[in-house]
Amino acid sequence: MRIYVAGPMSGHPDLNFPAFHAAAAELRAQGHHVENPAEINADPKTQWLDCMRMDIARLVTCDAVYLLPGWEKSRGAKVEHGLAVGLGFQVIHAQEG
């Protein structure tokens, strides 16, 4: 399955990249193809809209969205979630940890 990882970045230490990388590693270990925004937009200086444009292009190639804790407080993750739901993707919630 192709899975897109979505979650909060802005306002988090290291843009929450460690959580994105951990989720991607776990999903890949289960045999999934993962689209990870922390890999797509590795440069923290990239503007938000530019990141979203690149991320959404990858999101639409997936079958599911994997939501990290706190996603509902993230403007970008809410956009990604809404698009995924609208496209009929499976929605997977990460366990709070």
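The coordinates are above.
Residues numbered from 1 in each chain as written. Predicted model: local features only at pLDDT ≥ 70, side-chain atom pairs only at ≥ 80, totals over all residues. Heavy atoms only, no water.

Structural notes on the overall build of the protein chain
The condition is simple: By the criteria applied, helices consist of DSSP H or I runs no shorter than four residues and strands consist of E runs no shorter than two, each listed in order from the N terminus. Restricting the calculation to C-alpha atoms gives the radius of gyration, and the globule rule supplies 2.2 Å times the number of residues raised to the power 0.38. Note on contacts: a residue pair is in contact if any heavy atoms of the two residues lie within 4.5 Å. For this count, His and the chain ends are skipped, Lys and Arg are scored as positive, and Asp and Glu as negative. In plain terms, the charge of a residue is placed at NZ if it is Lys, CZ if Arg, CG if Asp and CD if Glu.
Broken down by element type, the protein chain carries four helices and four strands. The C-alpha atoms of the protein chain give a radius of gyration of 12 Å, which matches the 13 Å a tight globule of 97 residues would have. Expressed as a percentage of contacts within the protein chain between residues at least 6 apart in sequence, the contacts between residues at least 24 apart total 68%. Computed over 8 positive and 11 negative side-chain charges, the inter-centroid distance for the protein chain is 5 Å.

Examining the pairing of strand β4 (residues 90-93)
Formally: Here the rule is simple: two strands pair whenever DSSP picks up at least two bridges between them.
Summarising the sheet, strand β3 (residues 64-67) and β4 pair through four bridges and their orientation is parallel. Bridge pairing in β4 links Ala-64 to Gln-90.

Overview of the pattern of salt bridges
Just so we agree on the cut-off: For this analysis, a salt bridge means a side-chain nitrogen from Lys or Arg found within 4 Å of a carboxyl oxygen belonging to Asp or Glu. Each residue's exposure class comes from its accessible area (1.4 Å probe, protein chains only) as a fraction of the maximum for that residue type: buried when under 20%, exposed when over 50%, partly exposed otherwise.
Overall, the coordinates contain four salt bridges when judged by the stated rule. Of the charged contacts in the structure, one is a salt bridge between Arg-28 and Glu-39, with a shortest N-O distance of 2.8 Å. Linking Arg-28 in helix α1 (residues 17-29) with Glu-39 in helix α2 (residues 37-40), this pair joins segments that are 11 residues apart in sequence. Overall, Glu-39 belongs to the partly exposed group, its relative accessible area being 39%. Between Asp-50 and Arg-53 there is a salt bridge whose closest N-O contact spans 3.8 Å. Of this pair, Asp-50 and Arg-53 both sit in helix α3 (residues 48-59), three residues apart, roughly one helical turn. On the basis of relative accessibility, which here comes to 55%, the residue Arg-53 falls in the exposed class. In the salt-bridge network here, residues are joined through shared partners; they are Arg-2, Glu-35 and Arg-58.

A few points about the sheet that holds β4
Put simply, the test is: The axes used here are C-alpha line fits, helices contributing only the stretch in contact, and every angle between their N-to-C directions lies in the interval 0 to 180 degrees.
On the basis of which strands lie adjacent, the open sheet formed by four strands has the order β2-β1-β3-β4 and parallel pairing. Among the strands making up the open sheet, the edge pair consists of β2 (33-35) and β4. In this sheet, neighbouring strand axes are inclined to one another by 30° on average, regardless of whether the strands run parallel or antiparallel.

So, the packing of aromatic side chains
Worth spelling out the cut-off: Pairing of aromatic rings covers Phe, Tyr and the six-membered ring of Trp, with a centre-to-centre limit of 6.5 Å; geometry is then stacked below 30 degrees between planes, edge-to-face above 60, and tilted otherwise. For a ring to carry a charge above it, either NZ of a lysine or CZ of an arginine must fall within 6 Å of the ring centroid while also lying within 35 degrees of the normal to the ring plane.
Evaluated as defined, the whole model comprises zero aromatic pairs. A cation over a ring is seen here: Arg-75 above Trp-48, with NZ or CZ 3.5 Å from the ring centre.

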